[in-house]
Every structure is written in structure tokens, then in C-alpha cells.
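Summary of structural features
Each chain is listed here by its residues.
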Amino acid sequence: MFNKETYLRRRAELKKLVGGGLVILFGNNEAPANYPANGYSPFRQDSSFLYYFGQHRDGLVGVIDIDNDKDILIGDDIDIEDIVWYGSVDCVAELAAQVGVVNTAPMSELQVICDKAKASGREIHFLPPYRHDTKIQIMDLLGIHPSKQKDAASLTLIKAVVKMRSTKEQQEIEAIERACDVGYLMHTTAMRTVRAGLSERYVGGIVDGTANSLASKVSFATIFSQHGEIMHGNPSTALLEDGRLVLCDAGCELDDYCSDHTRTYPVNGKFTQRQLDIYNIVVECHDYVLDVARPGVKYMDVHMEVCRRMTERLKEIGLMKGNTEDAVRAGAHAMFLPHGLGHMMGMDVHDMEGLGQIYVGFDEETRPNLEQFGTNCLRMGRRLEEGFVITDEPGIYFIPALIDDWRSKGHCAEYLNFDMLETYKDFGGIRIEDDVLITKDGCRFLGSKRIPYHAKDVEEFMNTK
């Protein structure tokens, strides 16, 4: 939690951006894993509630009455039964005072507040809910069925929150840096541990344990797999094999902010020439982003230039052919790169994705291409601004089912060497990802240490572990 002035300033700015009405920011409740008293742990607060009200306790709702310039923290104090099991915690009034809120009320009062606002014709702003208990609460309070709540959510509030949370304050950047430093330890620990005969799940568990020991939790379910061609390949019981590549995509949450890195490396610590041919293309694309990402540049343009570079290099080794511009325009590169170059990152690892990617990664000027395979998965296309934190994560993947599908249809056959692609079905996939801060005149890595990723550095690190 930051100092009280941070939350006072943020709520004041939100009032100006929204303009009028009643803003309701729902905190999260405990979520049961398999029965009520056995919840998912650790508790995860809603990010937007955290951003404006700063408190991690469950069962809280923040109300911002713009018309009357009044903030209210809604929640019930815990009783003696809870204290016996969980210990004493600050009362709601004390929690409110810590973030500069004067007014508090029990949860029953929220219905009264909403009824009065509706009766007087005031606009009630809320964000798209993603938890079922919150959806039920909104239905009880406002009479909006859960199936209608996404459309009923306030676009004015969404755009205001996106505007504020997109540009990171210095204290937020410092928090992300700390999370990236734990991310360094997560990944380098995996690189030191990996060897043939261990299971994916064993190494993945060590990655998770590093996050749990040094941060609050992982920022998403760890991806650790020899099948790097599966975008979200969680660790399995499969044993690591000599000569295979393994892909590790992992990050942590620390001080309410996230890290997200990906590394791909050989199980035995030595790349084959075929692996190097593909790996170095991904490195080139990754490093190109660091050279060109800066305020005013559209990230969609950077993505498309990466696709052109990737196509040129894949042509050099015979996997693609034909005119590069035509191939990219046809989407042939998506055989190898079926996702976008990166996404916003901050309090959420895919920052604010629940508010609607079209508002987070795009704007009135830059619209998503939802028709073309691969390009339709681009999460970030808008012009970059100083203070944005984005991921830089190009990859090349050989997905057997996709190869078979496109070959049977003749899709992009004039740009793809399907005979050669057949010989890569056992390759897997490669992704390299880092977290990047957009600065005044360029960009820089986040985190005080760099996880090795140039092939020479990877081999040296793994063989001196």
C-alpha cells in the first residue's frame, strides 16, 4: 500500500475524469476452492479497488460520490468468531483512515445508497464484473441480470480507469522493478535446476515456490513445458529429455504489481544448430523492439515490422518464400507467430484486460484487426506513451495441428514450405519475453538483473551453474 496522499489524489483525479454520478468499485470476497472454509490462497483483491482504495481485506466496496465530493468505504467489521480463527484486524473505519477516507458504512447501507441514487436519476458507474458473487451483488443492488452487466458497465468509468492506470507513477515502476527482480530469481533458478530426467512439474514447482517464498504469489499459472508450441502449456508429469528445448513463462506479484518473463533453453545446456537458427531469429525480433519502442510509436506498427523481419529470416532458412510484404499481408507469418507482440502490464499481468482489451490496447485511432488469424490476438496496438509498461515477447512455434490444417486447405501455400515444415513438427516453440518501460525518449528493461537470453549467455550460464 502506498501513502494516504496517493489514494486521495487518485480518487480526486477519477472524479474529474468521470464528471458526475456515483462510482462503485467492488472489492473481492474470499473464493472457496472446494468448500466455504477452504479458500484459494493467498487472497487476491480487485486491482481497480486496490488502485483507488488500497486495502487488501475481503468484503469491501469503495463508493465515490462525485456530485457530493464524498468517498465511502463500505464493509462490515469482523466479529469475535473470525478473530478466534484469523486474529484481529483493523476495523473498517481504521482501514478507511489509512487511505484518506472519512466516511464508512456497513455493507447493508450500500443498498440504501444505490436506491437513493436510482430514485434521484443519478448515473451509477461500475466496471465489468468478472466474479460470480460480484455479479449477484450487482443484480441485487441495481436489478441488472449478470448476462447484461458487461454491456451495462460504465464506459466513462472504464476509459477513466484505463487512462489513469496505463501511465505508471514512479512508485509503481519501482514496485514492478522489485517484482522483476524476483522474476529473475524464478527463471535463473529454473535454468540452474533443469536437467534430463526431472519432470516438468518438478521444475515448475520450484519456480512457483520461489515466487511464493519471495513475493505474494505467481502473477499467472506458470508455463513450463517441452511443448513450447502450446501457448499456455502448464507443467505436466512428462520427464525432460536430452536435446529438447523447454519454455518457461513465469512471473510473480509483489507489492500489488507483476512481473512476466519468458525464456527458452535447451535441457542439456547446449543448442543444436537447428535450434540456434530459429532461436536467433526470435532474439533479433526481441532486440528490435528495444531499439524502436518509444513514445508516439504505434505498437501495432512495431508488431508488423517484427512479422516482416521474422518472415525475411525464415525465408533465408527455407521455411517461407515469396514476397515478404505480400506474405505478411496474407497472414502467412501467423503460422509461426499466432499471438501479439505484447500487452500492458502492471497490477494485472495482462493489465486491465478485464475492462476490455479494445479500451486498454487500442483507441479511437488504432483499431484491432479481428478477422485475420494471429493478428486478431494482438493485445496492444495503440501509440506508446511515457510511463507505459509493456511486454516484448516475440516467438516462433511449430504447431503440428496448425501445419496439417493449413496444408490441407492450401492456406498461404505460396508463402510456406510445407515439406520443410513437416520436418519441424517435433521442434516445439521458442519465446523470449521481457518487461519494458517506455521512457521519455525510448524504452528500457525493468529489473536490476537481466535473465540470460542471448544464446551464448544462456549456454554459459547453464554450463557454469
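The structure under discussion appears in the preceding block.
In short, a report on the structure.

**Structural notes on the overall build of the protein**
- Secondary structure summary: the protein contains 17 helices and 18 strands in total.
- Radius of gyration (C-alpha) of the protein: 24 Å, near the 23 Å computed for a compact globule of 465 residues.
- Its C-alpha atoms give the protein principal-axis dimensions of about 70 × 50 × 40 Å.
- Out of the 465 residues in the protein, the part that is buried amounts to 54%.
- In the protein, the share of contacts with a sequence separation of at least 24, taken over all contacts with a separation of at least 6, comes to 73%.
- When the accessible surface of the protein is split by element, carbon and sulfur atoms take 51% of a total near 19700 Å².
- Across the protein, 51 positive and 71 negative side-chain charges occur, with their mean positions spaced 3 Å apart.

**Notes on helix H17 (residues 455–462)**
- Along H17, the positions that sit buried rather than exposed are Ala455, Val458, Glu459, Phe461 and Met462. Projection of H17 onto a plane perpendicular to its axis shows the buried side chains occupying an angular sector of 165°, all on one side.

**Some points on the sheet that holds strand S14 (residues 389–392)**
- Taking strand neighbours across the sheet as the criterion, the three strands line up as S14-S17-S18 in an open arrangement whose pairing is antiparallel. Each end of this open sheet is capped by a strand with a single partner; those strands are S14 and strand S18 (443–445). Neighbouring strand axes in the sheet, compared pairwise and without regard to direction, differ in orientation by 35° on average.
- Bridge analysis of S14 against strand S17 (residues 434–438) gives four bridges, and the strand direction is antiparallel. Looking across to S17, one finds that isoleucine 390 is bridged to valine 436.
- Contacts between helix H11 (residues 273–292) and the sheet are confined to S14, S17 and S18, with S18 contributing the most and set at about 135° to the helix.

**Brief notes about the pattern of salt bridges**
- Applying the stated criterion across every chain yields a total of 38 salt bridges.
- Of the charged contacts in the structure, one is a salt bridge between aspartate 69 and lysine 15, with a shortest N-O distance of 2.8 Å. Residue aspartate 69 is located in the loop between strand S4 (60–65) and strand S5 (70–75), and its partner lysine 15 is located in helix H1 (residues 4–18); the two are separated by 54 residues in the primary sequence.
- For aspartate 69, a relative accessible area of 57% translates into the label exposed.
- For aspartate 71, the salt bridge goes to lysine 15, with nearest N and O atoms at 3.2 Å.

**Quick notes on the nonpolar core**
- Judged by nonpolar contacts, the single largest core of 148 residues is most densely connected at Leu14, Tyr265 and Phe336.
- The dominant element in this core, judged by the number of residues it contributes, is helix H9 (residues 170–193), at 10 residues.
- Apart from the residues lying within four places of it in its own chain, the contact partners of tyrosine 265 are His187, Ala190, Met191, Val194, Phe224, Arg244, Leu245, Val246, Cys248, Phe271, Val458 and Met462.

**A short note on the packing of H11 against helix H12 (residues 299–316)**
- Running from amino to carboxyl end, H11 crosses H12 at an angle of 150°, the nearest separation of the two axes being 10 Å. In terms of their interaxial angle, H11 and H12 are classed as roughly antiparallel. Relative to H12, H11 is oriented so that their crossing is right-handed. Packed against H11, whose contacting residues are Ile278, Ile281, Glu284, Cys285, Tyr288, Val289 and Val292, the element H12 presents Tyr299, Val302, Glu305, Val306, Arg309, Met310, Arg313 and Leu314 at the interface.
- Classifying every residue of the contact of H11 with H12 by side-chain character gives 11 nonpolar, no polar and four charged.

**Structural notes on the side chain of histidine 343**
- Positionally, histidine 343 belongs in the loop between helix H13 (324–330) and helix H14 (357–360).
- Leaving out residues up to four positions away in the same chain, histidine 343 has contacts with Asp260, Val349, His350, Arg379, Met380, Val389, Ile390, Thr391, Glu393 and Glu433.

**So, unusual backbone geometry**
- Note that the residue after serine 41, namely proline 42, is joined by a cis bond; omega there is -5°.
- Within the secondary structure, proline 42 is located in the loop between strand S3 (38–39) and helix H2 (47–53).
- One non-glycine residue, aspartate 256, adopts positive backbone phi at about 75°.
- Assignment of secondary structure puts aspartate 256 in the loop between strand S11 (252–254) and strand S12 (257–258).
- Residue aspartate 256 is classed as buried on the basis of its relative accessible area, which comes to 18%.

**Considering the side chain of glutamine 226**
- If you trace the backbone, glutamine 226 turns up in the loop between strand S9 (223–225) and strand S10 (245–250).
- Look at glutamine 226 and you get buried, because its relative accessible area is 3%.
- In terms of polar contacts, glutamine 226 uses its side chain to reach the backbone carbonyl oxygen of leucine 239, at 3.1 Å.
- Reaching out from glutamine 226, the side chain makes a polar contact with the backbone nitrogen of glutamate 241 at a distance of 2.6 Å.

Conventions we followed
- Residues numbered from 1 in each chain as written.
- Predicted model: local features only at pLDDT ≥ 70, side-chain atom pairs only at ≥ 80, totals over all residues.
- Heavy atoms only, no water.
- Helix = DSSP H or I, 4+ residues; strand = E, 2+ residues; numbered from the N terminus.
- Rg over C-alpha atoms; globule rule 2.2 N^0.38 Å.
- Buried < 20%, exposed > 50% of the residue type's maximum accessible area, 1.4 Å probe, protein only.
- Contact = heavy atoms within 4.5 Å.
- Areas by Shrake-Rupley, 256 points an atom, 1.4 Å probe, with all protein chains shown as cover.
- Lys, Arg positive; Asp, Glu negative; His and termini not counted.
- Charge placed at Lys NZ, Arg CZ, Asp CG, Glu CD.
- Arc of directions from axis to C-beta.
- Pairing = 2+ DSSP bridges.
- Axes fitted to C-alpha atoms, helices over the stretch in contact; angles between N-to-C directions.
- Salt bridge = Lys/Arg side-chain N within 4 Å of Asp/Glu carboxyl O.
- Core = buried A, V, L, I, M, F, W, Y, C linked by side-chain atoms within 4.5 Å.
- Parallel < 35°, antiparallel > 145°, perpendicular 65-115°, else oblique.
- Left-handed = near helix turned anticlockwise from the far one by under 90°.
- Nonpolar A, V, L, I, M, F, W, Y, C, P; charged D, E, K, R; others polar.
- Polar contact = N/O pair within 3.5 Å; in protein donor to acceptor, adjacent residues only side chain to side chain.

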